[in-house]
Structure formats: structure tokens, C-alpha cells
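Residue strings, one per chain:
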Amino acid sequence: QLQASGGGLVQAGGSLRLSCAASGSIFRINDMGWYRQAPGKQRELVARITSGGSTNYAASVKGRFTISRDNAKNAMYLQIDSLKPEDTAVYYCNAEITTIPALTMYYWGQGTQVTVSS
């Protein structure tokens, strides 16, 4: 399973670091990513990272958000800087995981709330 943490209430211009930890009978974690869903809007991709460390970002967050992962800890992070009120959303982590015995599926974390005040 995936467990997201690190959200909170911050002022515009502030920073947060979100974490996502995977647990269970994990053989390999492939692609991982962060998504967000604001009230009344669809869930959208924020950033993704491959097992080799290649990244891609949504245009709206490029230059402010940094995704990273620690394969030894089965963890992923999202450093969020220069927060804007429009970044307010529930942030979800997602990962393609191959478990033991061999079954590959996409998993979602429970979400962590990020609220940015102006």
C-alpha cells in the first residue's frame, strides 16, 4: 500500500515536502507519481518519476516542484516551493508496483491536503 504525508496549511510563497511510502510484499516499484485534485475539479498529474530517475512535470508546477525517490526506502517525495493559492488540493501518490508473487498493478495513496492561504 501507499501512505502519503506532509500536507498542511501554508502561506503563499511557502514550502512543503510531501512524502509517499510504499509497504507490503514489494518486488519492484516502477513509475511513481504525484497527482492532485482541487475542489470541483478533476484529478490531474503533477509530476512523475521513472525507476531510473527520469522526471516530467505539469507545466503549471515546473520550476517550483521537484519530485524525487529513494528506491532503497521504497519512498517518493515532492518538494513544493513558491506555493500559490491555486496549488490548494488533495495530493495523491501513485505507483506501479510489482508484488511478490508477480503481480503488477497501479496503487494509490490516501491523499494529503495542501492548503495555501493568500
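Nothing here was measured: the structure is a model prediction, and the numbers come from that model.

**Section: the side chain of Arg64**
Take Arg64: it is sitting in the loop between strand E6 (55-57) and strand E7 (65-70). On the basis of relative accessible area, Arg64 is assigned to the buried category, the value being 11%.

**Some thoughts on the environment of Ser60**
With respect to the helices and strands, Ser60 occurs in the loop between E6 and E7. The exposure class of Ser60 is partly exposed, given its relative accessible area of 43%. Once the C-alpha coordinates of Ser60 and Glu86 are considered, the two residues, 26 residues apart in sequence, prove to be 9.8 Å apart.

**Some points on the environment of Gly14**
Examined against the element boundaries, Gly14 turns out to sit in the loop between strand E2 (8-11) and strand E3 (16-22). Expressed as a C-alpha distance, the spacing of Gly14 and Thr115, which sit 101 residues apart in the sequence, is 11 Å.

**Section: the state of the cysteines**
Within this structure, the stated rule accounts for 1 disulfide. Here Cys20 connects covalently by a disulfide to Cys93, the sulfurs 2.3 Å from one another. Residues Cys20 and Cys93 share a disulfide whose torsion about the S-S bond is about 70 degrees; that sign makes it right-handed. Pair noted here: Cys20 is in strand E3 and Cys93 is in strand E9 (residues 89-99), with a separation of 73 residues, a long-range link.

**Overview of the pattern of salt bridges**
Any two side chains of opposite charge can pair, on the condition that their charged atoms come close. Tallied over the full model, the rule gives 3 salt bridges. In this structure, the salt-bridge partner of Asp87 is Arg36, at a minimum N-O distance of 3.0 Å. Of this pair, Asp87 sits in the loop between strand E8 (75-80) and E9 while Arg36 sits in strand E4 (residues 26-37), and the two are 51 residues apart along the sequence. We note that Asp87, like Arg36, is buried. Beyond isolated ion pairs, a larger network of salt bridges with shared partners links Arg36, Glu44, Arg64 and Asp87.

**A word on the pairing of strand E10 (residues 103-108)**
Of the strand pairs in this sheet, E9 and E10 are connected by 6 bridges, and their pairing is antiparallel. The residue bridging Asn94 from the neighbouring strand is Trp108, located in E10. The hairpin turn running from E9 into E10, its antiparallel successor, is 3 residues long.

**Some details on the packing of aromatic side chains**
In total, this model carries 2 aromatic pairs according to the counting rule given. Between Tyr35 and Trp108, the ring centres sit 5.0 Å apart and the planes meet at 65 degrees, which makes this aromatic pair edge-to-face. Of this pair, Tyr35 sits in strand E4 while Trp108 is found in strand E10, placing the two residues 73 residues apart along the sequence. Given a relative accessible area of 17%, Tyr35 falls into the buried group. Relative accessible area serves as the criterion here: at 40%, Trp108 is assigned to the partly exposed category. Every member of this aromatic cluster is reached through a ring pair, and the members are Tyr35, Tyr92 and Trp108. The ring of Tyr77 carries Arg17 above its face, with NZ or CZ at 4.1 Å from the centroid. One cation-aromatic arrangement involves Arg43 over Trp108; the distance from NZ or CZ to the ring centre is 4.6 Å.

Reading guide: rules and limits
- Residues numbered from 1 in each chain as written.
- Predicted model: local features only at pLDDT ≥ 70, side-chain atom pairs only at ≥ 80, totals over all residues.
- Heavy atoms only, no water.
- Helix = DSSP H or I, 4+ residues; strand = E, 2+ residues; numbered from the N terminus.
- Buried < 20%, exposed > 50% of the residue type's maximum accessible area, 1.4 Å probe, protein only.
- Disulfide = S-S within 2.5 Å.
- Salt bridge = Lys/Arg side-chain N within 4 Å of Asp/Glu carboxyl O.
- Pairing = 2+ DSSP bridges.
- Phe/Tyr/Trp six-rings, centres within 6.5 Å; stacked < 30°, edge-to-face > 60°.
- Lys NZ or Arg CZ within 6 Å of the ring centre and 35° of its normal.

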